[in-house]
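Structural description and commentary
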Amino acid sequence: MREYITLSLSLLFVFSGASGQRPNIIFILSDDHAYQAISAYGSRLAETPNIDRIARGGALFTRAMVTNSICGPSRASLLTGKYSHKNGYTLNERKFNTDQLVFPTLLKENGYQTAWIGKWHLGSLPKGFDYFRILNGQGEYYNPDLIGGGRDTLRMTGYVTDIITRLTTDWLDGRDTTKPFCLIVGEKATHREWLPDLSDLGAYDGKDFPLPVTFHDRYEGRRAAADQDMTIDRTMRLEEDLKVHADYERSGIYNRFTSEQKKVFYDYYENKISREFDRRKDTGEALVRWKYQRYLKDYLSVARSLDRNIGRLLDYLDRTGLAKNTVVIYASDQGFYMGEHGWFDKRWIYEESLRTPFVMRYPGVIRPGTKVGEMMLNIDWAPTLLDMAGVRVPEEMQGRSFLPLLKGERTGWRKSMYYHYYEYPQPHHVYPHFGIRTERYVLARFYGPADFWELYDLRKDPKEVRNVYGEAGYEKVVAGLKERLKGLIREYEDQEAMEILERAVK
Ligand code: CA
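1. Re the overall build of the protein chain
Regarding its fold elements, the protein chain presents 16 helices and 16 strands. Here the C-alpha radius of gyration of the protein chain, 22 Å, is about what a compact globule of 506 residues would show, namely 23 Å. Taking the principal axes of the C-alpha coordinates as reference, the protein chain spans close to 65 × 65 × 40 Å. Sorting the 506 residues of the protein chain into buried and exposed places 62% on the buried side. Relative to all contacts within the protein chain whose residues are 6 or more apart in sequence, the contacts with residues 24 or more apart total 69%. Looking at the protein chain as shown, the accessible area adds up to about 19,500 Å², and 49% of this sits on carbon and sulfur atoms.

So, in structure tokens, the structure goes:
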């Protein structure tokens, strides 16, 4: 670890030596935004010109991965540089322990101004930041309540993504310009239930989205996949998720609206979409397809505002001259299913939820148009931010700085990663599991109410539809992977997983 830090710091010095300045850092972290919905990743669903702008001006990570694919735990790993079992935040809806070491504290001690603006949703209030202004819990899409900034909780009029951008540029305007800054922008977009900016309603209504090839997956030979509760067919709700004849008086959304907002919303979802639903009278396969189309249209409309607001922030950096010494990162807290395997949501060690979008520009350091294919993890984010600021990465952080990767120093980088998911049974009934992902394989142990292994051979089965655990010919592969998995569990000190691993499958 120490060698790494020395190497990357010296390279950093060479690259940023011209100005001698430590960079400002803006980390935009969205919620549930799938790489399949980003054009820089080759999306066939939507254009995201501003996220692409970051990628074009810097680096696109094609194998950025998370260590526990749900919201709060990913944010906790960002703050601590550690796995969930080490930072204690294994499940959503807990209280994050802010007395532990978090990277903003170290930046602050080393002369950075730190701020978190937007969605936080970790139960406790942010610590280690000079400033925070956060949504109340999960937060609201329309006219949201904001906490912090030395003020009482305040309801602000407008759409959440616009408001977060406005608070961000206001804070940048008023900051102490004698210090470099690190600002985390926590976006609510694109979290369920996908309520778009009113000006984006219907933005994709003219489009007919292709079904993913695994949309009709029947999960043969894959018990965990068969037992989940996250399909567009059975789990996605017509009312709350797709806004068909939804009772928004009861849900409270209408209470937040001005009468004008309410009219626009009602005209679209009640007068247009719900009537279309009534008229069609779809059932069975036709209904599932209609739900998929509606899901994507709402989701992508929410993402449209997200991308537009990223553009506003990039324009602000250009206008103020900050762009040339500011690192800009865009990432999601994890990946998301856009109908693959018939699903929405996340949670699995499988590809679409394990991988997350991650693009980053760093003028003078990252060559524009760089692609990084190494396995980079969300526990690496904190060490990298510290490394960029010239702050020593504490030994207790489990991730490592990936700055060397950006400069072509790729030897000694990990060839496999460790994953551990916990939340069960609610929501979505995904069995707890841990496992290893290598260049070619996924080996996972499901536990709790389940007790079995799965193996996927990604070279032969990139869509992960065929569990080959126990099949003849894979004995040596399985033995080797179990050995490597055990090594990772030991390295990351996951005692619970070690005990399960050493128990034979019942
Ligand atoms: Ca999330």
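2. Describing the sheet that holds strand 7 (residues 151–155)
Read from one edge to the other, the open sheet built from 10 strands follows the order 7-6-5-4-8-1-9-10-2-11, with strand pairing classed as mixed. In this open sheet, the two edge strands, each paired with only one partner strand, are strand 7 and strand 11 (370–372). Neighbour to neighbour, the strand axes of the sheet diverge by 15 degrees on average, direction disregarded. Two elements, strand 6 (residues 145–148) and strand 7, share three bridges in a ladder whose sense is antiparallel. Looking across to strand 7, one finds that Asp 145 is bridged to Arg 155.

3. Structural notes on the domain arrangement of the protein chain
Along its sequence, the protein chain is carved into domain 1 (198–295) and domain 2 (419–501). Relative to domain 2, the C-alpha centre of domain 1 lies at a distance of 33 Å. The partner domain 2 presents 15 residues to the 13 residues of domain 1 that form the contact. For the pairing of domain 1 and domain 2, the buried interface totals around 1,000 Å² over both sides, and the portion due to carbon and sulfur atoms is 58%. Linking domain 1 with domain 2 are zero salt bridges. Our enumeration of links across domain 1 and domain 2 arrives at six residue pairs in polar contact (both at pLDDT 80 or more). Its residues assigned to classes, the side of domain 1 that touches domain 2 shows three nonpolar, four polar and six charged.

4. Observations regarding the packing of helix 6 (residues 160–174) against helix 11 (residues 284–320)
When two helices pack together, their arrangement is captured by the angle between the axes and the distance separating the axes. Here helix 6 crosses helix 11 at 15 degrees, and the two axes come no closer than 9 Å. By the angle between their axes, helix 6 is roughly parallel relative to helix 11. Crossing geometry of helix 6 relative to helix 11 is assigned as right-handed. Across the interface between the two elements, Thr 161, Asp 162, Thr 165, Thr 168, Thr 169, Leu 172 and Asp 173 from helix 6 touch Ser 305, Leu 306, Asn 309, Arg 312, Leu 313 and Tyr 316 from helix 11. Classifying every residue of the contact of helix 6 with helix 11 by side-chain character gives four nonpolar, six polar and three charged.

Conventions used here
- Residues numbered from 1 in each chain as written.
- Predicted model: local features only at pLDDT ≥ 70, side-chain atom pairs only at ≥ 80, totals over all residues.
- Heavy atoms only, no water.
- Helix = DSSP H or I, 4+ residues; strand = E, 2+ residues; numbered from the N terminus.
- Rg over C-alpha atoms; globule rule 2.2 N^0.38 Å.
- Buried < 20%, exposed > 50% of the residue type's maximum accessible area, 1.4 Å probe, protein only.
- Contact = heavy atoms within 4.5 Å.
- Areas by Shrake-Rupley, 256 points an atom, 1.4 Å probe, with all protein chains shown as cover.
- Pairing = 2+ DSSP bridges.
- Axes fitted to C-alpha atoms, helices over the stretch in contact; angles between N-to-C directions.
- Domains from an automatic or database assignment.
- Buried area = accessible area lost by both parts, 1.4 Å probe.
- Salt bridge = Lys/Arg side-chain N within 4 Å of Asp/Glu carboxyl O.
- Polar contact = N/O pair within 3.5 Å; in protein donor to acceptor, adjacent residues only side chain to side chain.
- Nonpolar A, V, L, I, M, F, W, Y, C, P; charged D, E, K, R; others polar.
- Parallel < 35°, antiparallel > 145°, perpendicular 65-115°, else oblique.
- Left-handed = near helix turned anticlockwise from the far one by under 90°.

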